[in-house]
Amino acid sequence: MTVRALEQPRLWMPYPLRVNPYLSALHEESETWARAMGMLDGAEGPSGHPPIWTRSQFHAMTVDQLTAWALPDASFADLRLNHRFNIWALAWDDYFAAAFKQTGDLPGAVAFTARLHEFLRPDHGSGARAPEPSNPVERGIADLQRHLFPPRLAHWRHEFNRALVRYVDAGVEELANSRGGRVPHLIEYAPFRRESFAAHTAPYSVELATGARIPEQIRHSRTVRALLDAFMDYMGLANDLASYEREVNEEHDVNNLVVVLGTSLGIALHDAVPAALNLVNTRLRDFEHLRQSELPQLVRRSGLDHDERAELETWLQGACGFLSGLHAWYTGAPRYAAADLSVPEQRQRS
């Protein structure tokens, strides 16, 4: 069975969808960077590696819409930067699936991932040299490393690259799980999915778009950690539902919330699908409860001043917009057309 067969429950999204006014400009130059990195057909790099997508496949993913929906308040420069990161993440995902998951080549995946580590070393920002890129994925991350951390975001270099290391390492672990038939247990899966979705980079994207940071005074509090966990869980777990048809029925991947729930709880996949949907909805309700009820109490106890409170509110609004944009992409992009997780129409504001 597929997610398409289910109508209820539906993914809940309380935040209105807003669209960045630079969407049309982003669309016009959408393929420029991907082509320069050798990701598109007709742009084969000097290493002889084949491209990852055809031009029609690339545009069918509507990555420009994803970026403009998720970052409605970003400047064009910041929007374009995050768009290139989104393209790279999808390029890695599709390249890794075709080269290693579909072939079961675990040693090749390990070697490929070890090479990527060399492009994610924090000391590259101080002048240390990375290897010469040998394929489109390496060229993409090498280029991003030169632009992702302008002075106002320099504090993100270590944490962001650490998140990307965990992201590419998780791909190897997923492949090992699938080859060995090991379905992750539900208790371990949520934190693992934050890594395999690169969700730990999302706070950077929100900060990039809004120019606002979570105040340092509360950044490491239990409440903020819980809020960020719920924020990241919705991202990755909702993606499991959107990509269920492709991952489970086509790629025979065991690293999917529906399969994890069915195996961990000992229930049929038909029953695991609504259970998974309810779990995703619950994590968004957790985020909303923490945002509306627990975070204001923490702010009062911490004595944040007016500017710090305003900055926190700006970041939170950016996070809500980010989730709304992801939701719109999951439920409307051709990449996930096989999954029918439609929801009541959201109000769009440009």
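Keep in mind that what you see is a predicted model, and the values were worked out from it rather than measured.

1. Side note on the overall build of the protein
A tally of regular secondary structure across the protein gives 16 helices and two strands. For the protein, buried positions account for 54% of its 350 residues. Surface summary for the protein: the accessible area is close to 15000 Å², and the carbon and sulfur share equals 51%.

2. Digging into the layout of surface pockets
By volume, the largest pocket amounts to about 390 Å³. Lining the largest pocket are 16 residues, and of these E159, H200, P203, R219 and L228 lie nearest its centre. Contributing elements (two or more residues each) for the lining of the largest pocket: α10 (202-210), α11 (216-219) and α12 (222-242). The biggest single contributor to the lining of the largest pocket is α12, with four residues.

3. Observations concerning the packing of aromatic side chains
Inspection of the entire model under this criterion finds 20 aromatic pairs. Relative to F287, the ring of Y15 lies with its centre 6.4 Å away and its plane at 80°, an arrangement referred to as edge-to-face. Taken together, the positions of Y15 in the segment before β1 (17-18) and F287 in helix α15 (residues 269-302) put the pair 272 residues apart, joining distant regions of the chain. Among the residues examined, Y15 registers a relative accessible area of 7% and is labelled buried. For the pair Y189 and F192, a centre-to-centre distance of 6.5 Å together with 50° between the ring planes defines the contact as tilted. With a gap of three residues between them, Y189 and F192 both fall in helix α9 (residues 186-196), about one helical turn apart.

4. Observations regarding empty space enclosed by the protein
Enumeration according to the criterion identifies two cavities of 30 Å³ or more in this entry. As a volume, the largest cavity reaches approximately 570 Å³. Forming the walls of the largest cavity are 36 residues, and the residues nearest its centre are A89, L90, Y167, F197 and N239. Broken down by secondary-structure element, the contributors of at least two residues to the lining of the largest cavity are α4 (63-70), α5 (76-101), α8 (157-180), α9, α10, α12, α13 (244-250) and α16 (306-332).

5. Side note on the packing of helix α6 (residues 106-118) against α8
In the contact formed by α6 and α8, the axes pass within 10 Å of each other and the chain directions differ by 175°. It follows from the interaxial angle that α6 and α8 lie roughly antiparallel. Of the residues in α8, those touching α6 at L106, P107, A109, V110, T113, L116 and H117 are V165, V168, D169, V172, L175, A176 and R179. Among the residues making up the contact of α6 with α8, the classes are represented as ten nonpolar, two polar and two charged.

6. A few points about helix α7 (residues 136-145)
For α7, the buried fraction is high: ten of the ten residues fall into the buried class. Among all positions of α7, only P136, V137, E138, R139, G140, I141, A142, D143, L144 and Q145 are buried. The inward-facing, buried residues of α7 abut α2 (30-36), α5, α6 and α8.

7. Quick look at the side chain of N161
For N161, the location among the structural elements is in helix α8. Residue class for N161 comes out buried when judged on its relative accessible area of 1%. With near-sequence residues (within four places) excluded, N161 lies in contact with L120, R121, Q145, F149 and W156.

8. A word on the environment of L175
Tracing the chain through its elements places L175 in helix α8. The spacing of L175 and V254 is 79 residues in sequence and 9.1 Å in space, taken between C-alpha atoms. Apart from residues no more than four positions distant in its own chain, L175 is found in contact with F96, F100, K101, G104, D105, L106 and A109.

9. Observations concerning the pattern of salt bridges
Taken as a whole and judged by the stated rule, the model has 21 salt bridges. A salt bridge links R193 to D240, with the shortest nitrogen-to-oxygen separation between them at 2.8 Å. Highlighted residues: R193 in helix α9 and D240 in helix α12, separated in sequence by 47 residues. Classification of R193 as buried rests on a relative accessible area of 5%. Note on D240: relative accessible area 0%, which makes it buried. A single network of salt bridges, built from pairs that share partners, joins R194, D229, D233, R283 and D286.

10. Considerations on the side chain of D64
Counting through the fold element by element, D64 comes out in helix α4. Although D64 lies buried, it forms no salt bridge, and the closest oppositely charged side chain, R55, sits 11 Å away as judged by the N-O distance. Among residues more than four places away in sequence, those in contact with D64 are L23, L26, H27, S30 and H83.

11. A few points about α8
If you check α8, its first and last C-alpha atoms are 35 Å apart, about what 24 residues at 1.5 Å a residue would give, namely 34 Å. Once α8 ends, the next one or two residues include G181, with phi positive near 65°.

12. So, the confidence of the model for the protein
Summary statistics for the protein give a mean pLDDT of 89 and a share of 90% for residues scoring 70 or more. Within the protein, α6 carries the highest mean pLDDT (97), whereas strand β2 (residues 348-349) carries the lowest (39). Taken together, the stretch residues 1-9 has pLDDT below 50 and engages in 24 contacts with residues farther than four places along the chain or on a different chain. Residue range residues 338-350 is modelled with pLDDT below 50. Its contacts to residues more than four positions away, or to other chains, number 34 contacts.

Rules and cut-offs
Residues numbered from 1 in each chain as written. Predicted model: local features only at pLDDT ≥ 70, side-chain atom pairs only at ≥ 80, totals over all residues. Heavy atoms only, no water. Helix = DSSP H or I, 4+ residues; strand = E, 2+ residues; numbered from the N terminus. Buried < 20%, exposed > 50% of the residue type's maximum accessible area, 1.4 Å probe, protein only. Areas by Shrake-Rupley, 256 points an atom, 1.4 Å probe, with all protein chains shown as cover. 1 Å grid on protein atoms, 1.4 Å probe; cavity = no way out; pocket = protein on both sides within 12 Å on 5 of 7 lines; lining within 4 Å. Points joined across faces, edges and corners; volume = space filled by probe spheres on them. Phe/Tyr/Trp six-rings, centres within 6.5 Å; stacked < 30°, edge-to-face > 60°. Axes fitted to C-alpha atoms, helices over the stretch in contact; angles between N-to-C directions. Parallel < 35°, antiparallel > 145°, perpendicular 65-115°, else oblique. Contact = heavy atoms within 4.5 Å. Nonpolar A, V, L, I, M, F, W, Y, C, P; charged D, E, K, R; others polar. Salt bridge = Lys/Arg side-chain N within 4 Å of Asp/Glu carboxyl O. Lys, Arg positive; Asp, Glu negative; His and termini not counted. Expected span 1.5 Å × (residues − 1). pLDDT = per-residue confidence, 0-100.

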